[in-house]
Amino acid sequence: MSTSSATPDLPFRATTAEACAWLEQQTATPWTLARLIEQGLTPYVWLDYDAAYPELFGDANGGYAAPIFYEGDTQRLAAGSEDVLITITKDAYKIVTRLPEPGFRRALHELRFLKKEVEKLAGRIKHEAEEAARPPKVDTARESQSGIPKAEVLAAFGRLARLDLDKALDDAIGIFGDDGARVKASARKSKRNAVWNPVTLALGLHDVYGVPIGSLKRAFKSHDFLYDWNGDWERSLALLGK
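Here's a quick rundown of the structure.

Conventions we followed
The residue numbers shown here count from 1 along each chain, following its written sequence. The predicted origin of the model limits local features to residues at a pLDDT of at least 70 and limits the giving and counting of side-chain atom pairs to 80 or more, whereas totals for whole chains, interfaces and linings rest on all residues. Here the side-chain values reflect all heavy atoms present in the structure, with hydrogen atoms and water set aside. Labels follow the DSSP assignment, with helices taken as runs of H or I lasting at least four residues and strands as runs of E lasting at least two, numbered in each case from the N terminus. Each residue is placed in one exposure class: buried if its accessible area under a 1.4 Å probe, protein chains only, is under 20% of its type's maximum, exposed if it is over 50%, and partly exposed if it falls in between. This arc is taken over the directions from the axis of the helix to the C-beta atoms. The contact criterion used throughout is that any non-hydrogen atoms of two residues lie within 4.5 Å. Residues enter patches when they are more than 30% accessible in relative terms and free of salt bridges; like-charged ones are connected within 9 Å and nonpolar ones (Val, Leu, Ile, Met, Phe, Trp, Tyr) within 5 Å. The accessible surface values rely on the Shrake-Rupley method and a 1.4 Å probe; as for residues, cover is taken only from the protein chains in view. By convention in these notes, a salt bridge is any Lys or Arg side-chain nitrogen within 4 Å of a carboxyl oxygen on Asp or Glu. Counted charges follow a simple rule, with Lys and Arg positive, Asp and Glu negative, and His plus the chain ends left uncounted. Charge coordinates come from a single atom per side chain, which is NZ of Lys, CZ of Arg, CG of Asp or CD of Glu. The convention used is that axes are lines fitted to C-alpha atoms, helices contributing only their stretch in contact, and that angles between N-to-C directions extend from 0 to 180 degrees. Each angle receives one of four descriptions, namely roughly parallel if under 35 degrees, roughly antiparallel if over 145, roughly perpendicular if within 65 to 115, and oblique otherwise. The crossing is said to be left-handed when, going from far helix to near helix, the turn is anticlockwise and less than a right angle, and right-handed when the turn is clockwise. Three residue categories are used. Nonpolar comprises Ala, Val, Leu, Ile, Met, Phe, Trp, Tyr, Cys and Pro, charged comprises Asp, Glu, Lys and Arg, and polar comprises the others, including Gly. Each Phe, Tyr or Trp ring (for Trp, its six-membered ring) is paired with any other whose centre lies within 6.5 Å, and the angle between the two planes then decides the class: stacked below 30 degrees, edge-to-face above 60, tilted in between. Charge-over-ring placement is defined geometrically: NZ (Lys) or CZ (Arg) within 6 Å of the ring centre, and within 35 degrees of the ring normal. The nonpolar core is taken to be a set of buried Ala, Val, Leu, Ile, Met, Phe, Trp, Tyr and Cys residues, with the residues joined through side-chain atoms within 4.5 Å.

Notes on unusual backbone geometry
What is expected of a backbone is that most residues other than glycine have negative phi and most peptide bonds are trans.
Line of reasoning, step 1. Note that the residue after Glu101, namely Pro102, is joined by a cis bond; omega there is 0°.
Line of reasoning, step 2. With respect to the helices and strands, Pro102 occurs in the loop between strand E6 (96–98) and strand E7 (104–107).
Line of reasoning, step 3. Positive phi outside glycine occurs at Ala28, with the angle close to 60°.
Line of reasoning, step 4. On the secondary structure map, Ala28 appears in the loop between helix H1 (16–27) and helix H2 (33–38).
Line of reasoning, step 5. Within the chain, Ala172 stands out as a residue other than glycine whose phi angle is a positive 55°.
Line of reasoning, step 6. With respect to the helices and strands, Ala172 occurs in the loop between helix H7 (165–171) and strand E10 (195–196).

Looking at helix H10 (residues 230–240)
Line of reasoning, step 1. Looking only at H10, the buried set comprises Asn230, Trp233, Ser236 and Leu237. The buried side chains of H10 occupy one side of the element, clustering within an arc of 125° when seen end-on. Within H10, the exposed residues directed more than 90 degrees away from the buried face are Ala238 and Leu239.
Line of reasoning, step 2. For H10, the elements touching its buried residues are helix H8 (198–209) and helix H9 (213–222).

Section: a positive patch on the surface
Line of reasoning, step 1. Taken together, the side chains of Lys94, Lys116, Lys120 and Arg159 present a region of like positive charge at the surface.
Line of reasoning, step 2. If you trace the backbone, Lys116 turns up in helix H5 (residues 115–133).

What about the packing of H8 against H10?
Line of reasoning, step 1. Following both chains from N to C, one finds H8 and H10 inclined at 45°, their axes separated by 9 Å at the closest point. Between H8 and H10, the interaxial angle falls into the category oblique. Along this stretch, H8 crosses H10, giving a crossing that reads as right-handed. Contact with H8, carried on its side by Val199, Ala202 and Leu203, involves Asp232, Trp233, Ser236, Leu237 and Leu240 of H10 and no other residues of that element.
Line of reasoning, step 2. Among the residues making up the contact of H8 with H10, the classes are represented as six nonpolar, one polar and one charged.

Examining the packing of aromatic side chains
Line of reasoning, step 1. Scanning all chains against the criterion turns up six aromatic pairs.
Line of reasoning, step 2. Note on Phe57 and Tyr64: the rings are 5.7 Å apart at their centroids and 75° apart in plane angle, and the pair reads as edge-to-face. Taken as a pair, Phe57 and Tyr64 share a single burial class, namely buried.
Line of reasoning, step 3. Taken together, the ring pairs connect Tyr49, Phe57 and Tyr64 into an aromatic cluster.
Line of reasoning, step 4. Across from the ring centre of Trp31, 3.6 Å away, lies the NZ or CZ of Arg35, which sits over that ring.
Line of reasoning, step 5. We note Lys90 situated over the ring of Phe69; from NZ or CZ to the ring centre the distance is 5.5 Å.

A look at the pattern of salt bridges
Line of reasoning, step 1. Inspection of every chain in the model, using the stated rule, returns eight salt bridges.
Line of reasoning, step 2. When the shortest N-O distance is used, the salt bridge between Asp83 and Arg76 registers 2.7 Å.
Line of reasoning, step 3. A salt bridge links Asp171 to Lys167, with the shortest nitrogen-to-oxygen separation between them at 2.7 Å. Of this pair, Asp171 and Lys167 are both found in helix H7, four residues apart, which corresponds to roughly one turn of the helix.
Line of reasoning, step 4. The exposure class of Lys167 is partly exposed, given its relative accessible area of 48%.

Concerning the nonpolar core
The nonpolar side chains of soluble globular proteins are, as a tendency, buried together.
Line of reasoning, step 1. Counting residues in hydrophobic clusters, the biggest one holds 30 residues, and the most contacted among them are Leu23, Leu36, Leu47 and Val118.
Line of reasoning, step 2. Beyond its immediate sequence surroundings of up to four residues, Leu23 is in contact with Ala28, Trp31, Leu36, Val118, Leu121 and Ala122.
Line of reasoning, step 3. The next biggest cluster of nonpolar side chains, apart from the first, holds 29 residues, and it includes Ile175, Leu203, Leu205 and Leu226.

See below:
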């Protein structure tokens, strides 16, 4: 969808109002903070360096933009809270960390959304609209591509669980092996050929490693290579009552 001359450029970190206004012009539909979160966008807040939490900031002595992705925190925002409460985030080195009780509070106007993620969302909505306008076709299983390779697994889920996912995939034990999410026989000739069913893997990451369903939902909405799997993912959640 092309941007008209009347559409302002998005800043690198857009406020909620800026992101909503830009998306309204791109999609011709109204946007709110709740809808941004529902569509998988991750809000951020800038945390100024605080010497009381050196392990959180590391070498980022000027502060850093902390993501808000924990389901409880994002649900609170989507429900219309008067401020921001962050209980779990990632530190300056992008490692998931739980903040000291009761968490950090910030004003709503401090929320920011990354330009590249807002633009990607607009592109996805355009793609979905184009797909919806096409004649319906029979929903068939992905026989030619029964899984996604390691690089895509790491891109989608690598930062969600508190484990070395790269090593876990190579070890192929438990949910990461042939008795779990790895497609059987895909690694028969070489580990490079191994592929994993992202739906089975995501459910395993939730059940075994406690990755929030909300974070996994955002992963399926945020990566192009998972678009074709999103239907299976949603059906699996419905069957499980999640």
